[in-house]
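# Residue-level structure breakdown
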Amino acid sequence: MSRSQRSPLRNWLEFVPVWLLLKTLTCAPRAVAIATGQIVGRTAYYLHARLRRTGEGNLLMAMPELTAKARKRILLGVFRNLGRLVGEFSQLPKLTRESIADIVVYEGFENYARAARKGRGVLLLTGHIGAWELCAFAHGMYGHRLSFLTRPLDNPLMERLIGQYRELSGNRIIDKNKAVKPVLEILKRGGDVGLLIDSNTLSDQGVFCDFFGIPACSTIGLAVFALRTEAPVVPGFLVWDERLQKHRLCFEPEVALVRTGDFKDEVRVNTALFTKVIEEQVRKYPDQWLWVHKRWHTRPEGEPELYDSPEPNPPKLLPANSKRNAVSPL
């Protein structure tokens, strides 16, 4: 349902409880906010059957070698991670340049710095891993402000509230549907732009790339911007470190672009390359990725659906001899 189809009453009915929860957690100490968020997350695991079924089906498709016990452990971790994300997000107004190091530490910062010195801006390749809202926020709070692309929420009240929190560190939100001109201008000035590239995309806005052996429709925006501007692409992910009891903001070496001489082919090949980077991170931290998202919802032409409508049935699974490893051409 689009914004124009939503009633003001519905917007307010959704907004008020979220506002109350967020403001209450903001007033609470960080430890209390995170603990509360994780309780909410664990409760959601048991009460939100649709999300749980989606997560279970995704894990079964992506990593069929896992036991049922292992899948449950990962999925419980996913909901716990989402609760931690809520708690951390509520605390953003309290963070300062002096206090951020108590929560987030850099790893591989030299990879980002090396790319930034080229003077062409930096394209930050990231995804829905760990407390991803804290990823861009912490980088900005450390003095490396960036703009990042988001899809506007259907509820304008919620969009305004969340946007206020997101921009407290000096970062800038860009509507991904109107991103071309502002992104090109930012990169031309040597600024940084962050893109989350691990969500399902409509077939007319992406290309199909192998993701855990299954064709996944992936956004081409990052590849197009990188190929057009020569801005370096640096993977950056924020993950929770249980031993440190802190988040690590990890930057990997710049991803070398593949050039073939055919722009359309280059977009496809490099989008697949970026998607593989995401997969590697998800395999390292499976309990910190958003398995409850229908990543394989858009299917290549002629391929069967992988998800049912929200009915009490598990997602459909492709048979072992299917074409699940095929990559659709542009």
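Structure report, in brief.

Cut-off values and rules
- Residues numbered from 1 in each chain as written.
- Predicted model: local features only at pLDDT ≥ 70, side-chain atom pairs only at ≥ 80, totals over all residues.
- Heavy atoms only, no water.
- Helix = DSSP H or I, 4+ residues; strand = E, 2+ residues; numbered from the N terminus.
- Buried < 20%, exposed > 50% of the residue type's maximum accessible area, 1.4 Å probe, protein only.
- Areas by Shrake-Rupley, 256 points an atom, 1.4 Å probe, with all protein chains shown as cover.
- Pairing = 2+ DSSP bridges.
- Axes fitted to C-alpha atoms, helices over the stretch in contact; angles between N-to-C directions.
- Patch = residues over 30% accessible without salt bridge, like charges linked within 9 Å, V, L, I, M, F, W, Y side chains within 5 Å.
- Salt bridge = Lys/Arg side-chain N within 4 Å of Asp/Glu carboxyl O.
- Contact = heavy atoms within 4.5 Å.
- Core = buried A, V, L, I, M, F, W, Y, C linked by side-chain atoms within 4.5 Å.
- Disulfide = S-S within 2.5 Å.
- Phe/Tyr/Trp six-rings, centres within 6.5 Å; stacked < 30°, edge-to-face > 60°.
- Lys NZ or Arg CZ within 6 Å of the ring centre and 35° of its normal.
- Expected span 1.5 Å × (residues − 1).

It is worth spelling out the overall build of the chain at this point. The secondary structure content of the chain amounts to 10 helices and 9 strands. By its C-alpha atoms, the chain is 50 × 50 × 45 Å across when sized along the principal axes. The buried share of the chain, taken over its 330 residues, is 51%. By element, 57% of the accessible surface of the chain is carried by carbon and sulfur atoms, the whole surface being about 16,000 Å².

With respect to topology, 7 strands assemble into an open sheet ordered β1-β9-β8-β2-β5-β3-β4, the strand pairing being mixed. Strands with a single pairing partner mark the edges of an open sheet, and in this sheet they are β1 (104-107) and β4 (172-175). The sheet shows a mean angle of 30 degrees between the axes of neighbouring strands, direction not considered. In this sheet, strand β5 (residues 192-196) lies alongside strand β2 (residues 122-126) in parallel orientation, the contact comprising 5 bridges. Considered in β5, the bridge of L124 is made with G194.

The grouping of W12, V16, W19 and L20 at the surface amounts to a nonpolar patch, some 390 Å² of accessible area in total. Note that W19 resides in helix α1 (residues 8-27). By relative accessible area, W19 is classed as partly exposed at 36%.

Turning to its location among the elements, P235 is positioned in strand β8 (residues 233-241). Here the alpha-carbon distance between P235 and E252, two residues 17 residues apart in the chain, equals 5.4 Å. Setting aside its immediate chain neighbours within four residues, P235 contacts L124, L125, C250, F251, E252, P253, V255 and V277.

Turning our attention to the side chain of N111. Mapped onto the secondary structure, N111 falls in helix α5 (residues 109-116). What N111 contacts, discounting residues up to four positions off in sequence, is V234, F251, E252 and P253.

A few words on the pairing of β5. Most of β5 is tucked away, with 4 of its 5 residues classed as buried. Relative to β5, strand β3 (residues 146-150) runs parallel, the two sharing 3 bridges. Each residue of the ladder has a partner; that of S147, found in β5, is V193.

Take the nonpolar core next. With 84 residues, the main nonpolar core has L123, L125, L134, W291 and W296 as its most contacted residues. In this structure W296 touches N58, M61, A62, N200, F211, F212, I214, P215, A216, W291, L306 and Y307, once residues within four positions along its chain are discounted.

What follows covers the pattern of salt bridges. All chains considered together, the criterion is met by 15 salt bridges. The shortest N-O distance in the salt bridge between R166 and E133 comes to 2.7 Å. In this pair, R166 sits in helix α7 (residues 156-166) while E133 sits in helix α6 (residues 132-141), placing the two residues 33 residues apart along the sequence. R166 gets classed as buried once you look at its relative accessible area, which sits at 16%.

Summed over the entire model, instances satisfying the criterion amount to 0 disulfides. No disulfide involves C217; its sulfur sits 8.2 Å from that of C209, the nearest cysteine. A disulfide-free cysteine, C250 has its sulfur positioned 9.2 Å from the sulfur of C135, the nearest such atom. The class for C250 is buried, based on a relative accessible area of 13%.

On to the packing of aromatic side chains, then. Each aromatic ring pair is characterised by the separation of its centres together with the angle its planes make. Applying the stated criterion across every chain, the model contains 14 aromatic pairs. Taken together, a centroid distance of 4.7 Å and an interplanar angle of 50 degrees make the contact between Y106 and F109 tilted. Taken together, the ring pairs connect Y106, F109, Y112, Y142 and F251 into an aromatic cluster. The side chain of R52 reaches across the aromatic face of Y45, ending 5.7 Å from its centre.

The end-to-end C-alpha distance of helix α3 (residues 49-62) is 20 Å, a good match for the 20 Å that 14 residues give at a rise of 1.5 Å each. For α3, the set of buried residues is R53, T54, G55, G57, N58, L59, M61 and A62. In the core, the buried residues of α3 are packed alongside α4 (68-90) and β7 (214-219).

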